Amino acid sequence: MKRSIIVLMSLCAAICLGACSNGSGSGKLVMATNAAFPPYESVEGDKVIGIDPEIAQLIADDLGLELVIEDMAFDSIIAAVQSGKADIAMAGMTVTEDRKENINFSDPYTTAAQVILVKNTSSVQSPDDLAGLTIGVQIGTTGDIYAEDIENANIERYSKYFEAINALNQDKIDAVIVDREPGKVFVGENPDLVMIDEEFTVEEYAIGVAKENTELLDNINASLKKLKDSGKIDEIIGKYITAE
Ligand code: ARG
């Protein structure tokens, strides 16, 4: 009799654990990001604001977790997720085959592109004109990877895009490769800079999760689907990005 009660109790506990867990374990959803990438993430006062933290907050709410944001160098984010220091990578991060070898990606939540920024006096009109020039990128980004394919280009790698933008303003470099929406923000803030119309590539942003954390990945995808279907993702993006 006693034994059957114990068996029953442990069965209940097991069912509850399975049903109540959200794949994070700690009650927190720790997001690794690099908050120098408006409108996706930037620092305002002591807060990280932008499209990514807003979407992450809705996912955390849906999963019953407390969102904690860790701001770090972009090229540290994947390692932070792999080591368990963070639960998710969310940093306007493009899905690439190389990155997929180290982390899993959720379903994409938006599309993006790499573009070229130059001084308004520059003769560069398309990606083909970049051969032999000095190009600024943020270290470890897809812009960095594309720059490597440009013939005879000299690549200057910065830890933040702002530093590349400053170097471009000071004519220390000839062009910056950056994601389109941050590129628009930088052009808006720097009157001497222009964006080349032709896009380099089309990309997709998604949330990175450690390979072994498949439960969290499934939960994030389920949340994302709900948020997409209800129009919430479009609403957040629309708050920061005006369609032309
Ligand atoms: N989309 C590019 C990439 O994944 C750049 C992302 C940079 N993000 C940032 N928060 N600084 O490589």
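Above this text sits the structure in question.
Rules behind the numbers
Throughout this document, residue positions are counted from 1 along each chain, in the order its sequence is written. Residue-level local features of this predicted model are given only where pLDDT is at least 70; pairs of side-chain atoms are given and counted only at 80 or more, and the full residue set underlies all totals for whole chains, interfaces and linings. Only heavy atoms go into the side-chain values, all of them from the structure, while hydrogens and water stay out. Relative accessibility under 20% of the residue-type maximum defines a buried residue, over 50% an exposed one, and the middle range a partly exposed one, all with a 1.4 Å probe and only protein chains included. The secondary structure listing takes helices from DSSP runs of H or I that are at least 4 residues long and strands from runs of E that are at least 2 residues long, numbered from the N terminus. Along the arc lie the directions from the helix axis toward the C-beta atoms. Here, residues are in contact when the closest pair of their heavy atoms is within 4.5 Å. When we say a residue is near a molecule or strand, we mean one of its heavy atoms is within 4 Å of it. In protein, a polar contact requires one atom able to donate a hydrogen and another able to accept it; more generally it is a pair of N or O atoms within 3.5 Å, and residues adjacent in sequence count only if both atoms are side-chain atoms. Per-residue and other accessible areas were derived by the Shrake-Rupley procedure at a 1.4 Å probe size, with only the shown protein chains allowed to occlude residues. A cavity here means a set of 1 Å grid points, computed over protein atoms only, where a 1.4 Å probe fits but cannot escape. A pocket is an open set with protein on both sides within 12 Å along at least 5 of 7 lines, and lining residues have an atom within 4 Å of a point. Placement in a cavity or pocket follows one criterion, namely that more than half of the molecule's atoms lie within 2 Å of its grid points. Under the convention adopted here, Pro, Cys and the residues Ala, Val, Leu, Ile, Met, Phe, Trp and Tyr are nonpolar, Asp, Glu, Lys and Arg are charged, and Gly plus all remaining residues are polar. Two strands form a pair only when DSSP identifies at least two bridges running between them. A pairing counts as a salt bridge when a side-chain nitrogen of Lys or Arg comes within 4 Å of a carboxyl oxygen of Asp or Glu.

Undergrad: What is the right way to look at helix H6 (residues 161–169) in this model?
TA: In an α-helix there are 3.6 residues to a turn, and that puts residues three or four apart on one side. Listed as buried for H6 are Tyr 161, Ala 164, Ile 165, Ala 167 and Leu 168. An end-on view of H6 places all buried positions within 160 degrees of arc, on one side of the element.

Undergrad: Can you walk me through helix H7 (residues 180–189) in this structure?
TA: When H7 is considered as a whole, its buried residues turn out to be Glu 181, Pro 182, Gly 183 and Phe 186. The secondary structure elements touched by the buried residues of H7 are strand S2 (36–37), strand S8 (110–119), H6, strand S11 (175–179) and strand S12 (193–195).

Undergrad: Is there a simple way to explain the site of the ligand in this structure?
TA: Taken together, the neighbourhood of the ligand is formed by 16 residues, with Ala 91, Thr 94, Arg 99, Thr 142 and Asp 179 sitting nearest. At a separation of 3.2 Å, a nitrogen atom of the ligand approaches a polar side-chain atom of Glu 41. Between the ligand and Asp 179, the relevant distance is 2.6 Å, taken from a nitrogen atom to a side-chain nitrogen or oxygen of the residue. Relative to its free-state accessible area of 350 Å², the ligand is covered by the protein chains to the extent of 100%. Put simply, the ligand lies in the largest cavity. Here the shell around the ligand is composed, by residue class, of 6 nonpolar, 6 polar and 4 charged.

Undergrad: I keep staring at the environment of Asp 171 and nothing clicks. Help me out?
TA: Locating Asp 171 in the fold gives a position in the loop between H6 and S11. Look at Asp 171 and you get exposed, because its relative accessible area is 56%. Sequence separation between Asp 171 and Lys 119 is 52 residues, and the spatial gap between their C-alpha atoms is 8.2 Å.

Undergrad: Sorry, what's going on with the pairing of strand S1 (residues 28–33) here?
TA: Look at any regular strand and the pattern is simple: side chains alternate between the two faces of the sheet. Here S1 lies mainly inside the structure; 5 of its 6 residues are buried. Bridging between S1 and strand S6 (residues 88–89) involves 2 bridges; their strand directions are parallel. For Met 31, the partnering residue across the bridge sits in S6 and is Ile 88.

Undergrad: What is the right way to read the pattern of salt bridges from this model?
TA: Once their charged atoms are close, side chains differing in charge can pair, the charge on each being opposite to the other. This structure, assessed with the given rule, holds 10 salt bridges. A salt bridge links Arg 157 to Glu 148; the shortest N-O distance between them is 2.9 Å. Given a relative accessible area of 38%, Arg 157 falls into the partly exposed group. The class of Glu 148 is exposed, set by a relative accessible area of 51%. The salt bridge involving Glu 181 is made with Lys 184; its shortest N-O contact spans 3.1 Å. In this pair, Glu 181 and Lys 184 both sit in helix H7, 3 residues apart, roughly one turn of the helix. The class of Glu 181 is buried, set by a relative accessible area of 10%. Because the salt bridges share partners, they merge into one network encompassing Arg 180, Glu 181, Lys 184 and Glu 199.

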